[in-house]
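Below, each chain spelled out in residue letters.
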Amino acid sequence: MTADNMADNAQTPGSSFGTPGQDPKTQADRANLEEQLGRLREDVAGLSDAVKSLASHGADDVRRQAYALRDDVRQRGEQYLRQAQDAASDLEEEMSERIRAEPIKAVLIAAGVGYLYARLFR
């Protein structure tokens, strides 16, 4: 202990040399420090809860966006499927009409395509 500290301890009424923590000023400082630590713990707990809440809300937002995107992709896929089915149906109807309009030409074209296919993949 330095000489200044000993002088401070000697001047404080009711203090005994070498017994830390018995000085009223030290006790008040300790109580103040404990109070500040308590507030700091509460603040940290509050911040922790706020971060958890933000993370939870962020995850919920991401989940909602993913579901919305999934639904949008599903709707677009179904729309494209319907369009493809309609196009195939229209093509089938058109081919049927052409074959009915010119049956001999259709048979000759089919025979020619069959002959080429047989020659190519023999």
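Residues numbered from 1 in each chain as written. Predicted model: local features only at pLDDT ≥ 70, side-chain atom pairs only at ≥ 80, totals over all residues. Heavy atoms only, no water.

**Student:** I tried to follow the confidence of the model for the protein on my own but got confused; where do I start?
**Tutor:** Close reading of the predicted structure is inappropriate where its pLDDT is low. In the predicted model, the protein carries a mean pLDDT of 82, and 82% of its residues have values of at least 70. Mean pLDDT per element in the protein: helix α1 (residues 3–11) is the minimum at 45, and helix α3 (residues 103–120) is the maximum at 93. Under a pLDDT of 50 for its full length, residues 1–18 has, in the predicted model, six contacts with residues more than four places off or in other chains. (pLDDT = per-residue confidence, 0-100. Helix = DSSP H or I, 4+ residues; strand = E, 2+ residues; numbered from the N terminus. Contact = heavy atoms within 4.5 Å.)

**Student:** Sorry if this is basic, but what is going on with the pattern of salt bridges here?
**Tutor:** A side chain of one charge can pair with a side chain of the opposite charge if their charged atoms are brought near each other. In total, this model carries seven salt bridges according to the counting rule given. The salt bridge partner of Asp72 is Arg76, with a shortest N-O separation of 3.5 Å. Of the two residues, Asp72 and Arg76 both sit in helix α2 (residues 24–101), four residues apart, roughly one turn of that helix. Take Arg76: its relative accessible area is 45%, and that puts it in the partly exposed class. Lys105 serves as the salt-bridge partner of Glu102, at 3.7 Å between the closest nitrogen and oxygen. (Salt bridge = Lys/Arg side-chain N within 4 Å of Asp/Glu carboxyl O. Buried < 20%, exposed > 50% of the residue type's maximum accessible area, 1.4 Å probe, protein only.)

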